[in-house]
Amino acid sequence: MTLDFRGKTALVTGASAGLGREMARILARDVDTLVLTARRQDRLDDLAAELRQFRSELRVHVRAVDLADRAATSAMLDGLASEGIAVDILINNAGYGVYGLFEKNDWSKLEGMLELNMISATLLLHRLIPGMVKRGFGAILNVGSTAGMVEMPGFAGYGATKAYFNHLSEALRGELSGTGVVLTALCPGPVETEFQAVAGTDKRGKLPALIHVDVVDCAEQAIAGLKRGRARVIPGLLGAVPLGGLPRLLTRPIFARAGKKVRREES
Ligand SMILES: NC(=O)c1ccc[n+]([C@@H]2O[C@H](COP(=O)([O-])OP(=O)(O)OC[C@H]3O[C@@H](n4cnc5c(N)ncnc54)[C@H](OP(=O)(O)O)[C@@H]3O)[C@@H](O)[C@H]2O)c1
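Cut-offs applied
Residues take numbers from 1 onward in each chain, read along the sequence in its written order. pLDDT decides what is reported in this predicted model: residues at 70 or higher carry local features, side-chain atom pairs at 80 or more are listed and counted, and totals for whole chains, interfaces and linings draw on all residues regardless. For each residue, a C-beta atom is placed from the backbone, and the residue counts as near a molecule or strand when that atom lies within 6 Å of it. Secondary structure elements follow DSSP: runs of H or I no shorter than four residues count as helices, runs of E no shorter than two count as strands, and numbering proceeds from the N terminus. Charged means Asp, Glu, Lys or Arg here, nonpolar means Ala, Val, Leu, Ile, Met, Phe, Trp, Tyr, Cys or Pro, and polar covers whatever is left, Gly included. Note on contacts: each residue gets a C-beta atom placed from the backbone, and two residues are in contact if those atoms are within 7 Å. Take the buried Ala, Val, Leu, Ile, Met, Phe, Trp, Tyr and Cys residues, join any whose C-beta atoms are within 7 Å, and the set you get is a nonpolar core. Three exposure classes are used, based on other C-beta atoms lying within 10 Å of a residue's own C-beta, which is placed from the backbone: buried for 20 or more, exposed for 12 or fewer, and partly exposed in between. If DSSP finds at least two bridges between two strands, the strands pair. Between the N-to-C directions of two axes lies an angle of 0 to 180 degrees, each axis being a line fitted to C-alpha atoms and, for a helix, fitted only over the stretch in contact. For a helix, the expected span equals 1.5 Å multiplied by the number of residues minus one. Classification remark: right-handed applies to a crossover when, strands pointing away from the viewer, the course from the first strand over the helix to the second runs clockwise.

Quick look at the site of the ligand
Then, in step 1: Near the ligand you find 29 residues, and of these Gly 14, Gly 18, Arg 39, Arg 40 and Gly 95 are the closest.
Then, in step 2: Elements represented by at least two residues in the shell around the ligand include exactly α1 (18-27) and α6 (195-199).
Then, in step 3: Residue contributions to the shell around the ligand peak at 3 residues, all from α1.
Then, in step 4: Looking at the shell around the ligand residue by residue, the class counts come to 15 nonpolar, 9 polar and 5 charged.

Let's talk about the environment of Gly 144
Then, in step 1: Relative to the elements of secondary structure, Gly 144 occurs in the loop between β5 (138-143) and α5 (156-176).
Then, in step 2: When the C-alpha positions of Gly 144 and His 167 are compared, they lie 9.2 Å apart, and in sequence the two are 23 residues distant.
Then, in step 3: If we skip the residues at most four places from it in the chain, Gly 144 touches Lys 162, Phe 165, Asn 166, Ser 169, Ala 185, Leu 186 and Cys 187.

Points about the nonpolar core
Then, in step 1: Ranked by internal contacts, the top residues of the largest apolar core, which has 65 residues, are Val 12, Met 23, Ala 24, Leu 27, Leu 34, Leu 36 and Ala 222.
Then, in step 2: Of all the elements, helix α4 (residues 107-135) adds the most residues to this core, at 7 residues.
Then, in step 3: Residues in contact with Ala 24, not counting those within four places in the same chain, are Val 12, Ala 15, Leu 34, Leu 36, Leu 47 and Leu 51.

Brief notes about the sheet that holds strand β7 (residues 232-233)
Then, in step 1: Reading across from one edge, β3-β2-β1-β4-β5-β6-β7 is the order of the 7 strands in this open sheet, with parallel pairing throughout. Of all strands in the sheet, those with a lone pairing partner are β3 (59-64) and β7, marking the two edges.
Then, in step 2: Note: strand β1 (residues 9-13) against strand β2 (residues 33-38), 5 bridges, orientation parallel. Bridge pairing in β2 places Val 12 opposite Leu 36.
Then, in step 3: Sitting on the sheet, α1 touches β1, β2, β4 (89-92) and β5, and the angle it makes with β1 is about 165 degrees.
Then, in step 4: Sheet strands in contact with α5 are β5 and β6 (181-186), and its direction is about 160 degrees off that of β6.

Brief notes about α1
Think of an α-helix as turning once every 3.6 residues; residues three or four places apart then point the same way.
Then, in step 1: Within α1, 9 of the 10 residues are buried, which leaves it mostly tucked inside the rest of the structure.
Then, in step 2: Burial in α1 covers these residues: Gly 18, Leu 19, Gly 20, Arg 21, Glu 22, Met 23, Ala 24, Arg 25 and Leu 27.

What about α5?
Then, in step 1: Compared with an ideal rise of 1.5 Å per residue, which puts 21 residues at 30 Å, α5 spans 30 Å between its outermost C-alpha atoms and is within 8% of the ideal.
Then, in step 2: What α5 keeps buried is the set Ala 156, Tyr 158, Gly 159, Thr 161, Lys 162, Phe 165, Asn 166 and Ser 169.
Then, in step 3: At its buried positions, α5 is contacted by α4, β5 and β6.

Some thoughts on the pairing of β6
Then, in step 1: Counting buried positions along β6 yields 6 of 6 residues, so the element is predominantly enclosed.
Then, in step 2: Where burial is concerned, the two faces of β6 agree: the one with Val 181, Leu 183 and Ala 185 and the one with Val 182, Thr 184 and Leu 186 are both buried.
Then, in step 3: Bridge count between β5 and β6: 6 bridges; the pairing is parallel. When the sheet's bridge partners are listed, Asn 142 is paired in β6 with Ala 185.
Then, in step 4: Following the backbone out of β5, through α5 and into the adjacent parallel β6, one traces a crossover that is right-handed.

Below you can see the structure in the form of structure tokens.
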């Protein structure tokens, strides 16, 4: 199966940087209409101009919205509906992480992360799935993470938001089976984007280069996997590791060592 995105409308969240921006560039090759959203209007405007130049017939709408604000997210969706813009493809990507010892994490950052990575992403699904089911076509890419498949001391809260999203994705995919709406979970390992600076991991030693995936490769694999209706895309070498099935007997001592290291770093 390969989905045909020609004539379709895609909404990309977190389109101002990293994976979202790259996925918007890829979708611009064949969709009819793109809606780009994130908070930084200037970045979205620049991308919109680039994409209009790339394909003159492409319609691009920019919506600068703080998606961690439920009312603002709903208002954006109401606005699209009232303009007759029906979303066929949702790239549910906006998100961030907060690195460090959980008890020392800044509460407002943690709370914003829970709101953005879980509530906002869920609200978008809840609002957009009914129209897709009604029209008998939809393609959803939920951006989870391998951090949601293996518990990670130092990324306790972030990993938990991604575990939620990975879990939700699998169940929703089941519920959507036979409706014409496909749902793919993208679960990347480390990808160099602005994520590291936002999360506060950029000043730490890097994870092994072997498990890193280039942002463009990751985005290409994600959209290709979505078009093929794959359940899950784990780009790079991590895709070959049975991450969810590692025995606790093995992982707990490793997590204890990792947790002590994070505590030492912050003391
Ligand atoms: N990079 C990695 O190693 C990695 C690995 C696994 C999973 N992921 C996931 O991949 C997704 C994309 O991350 P990335 O690596 O591309 O990071 P990134 O370069 O930091 O991009 C994050 C995007 O989310 C947007 N965003 C953040 N807060 C927002 C808010 N309150 N409202 C609206 N938009 C907001 C940002 O735009 P504004 O700042 O303009 O709002 C930006 O466009 C995230 O869900 C992340 O958890 C990343």
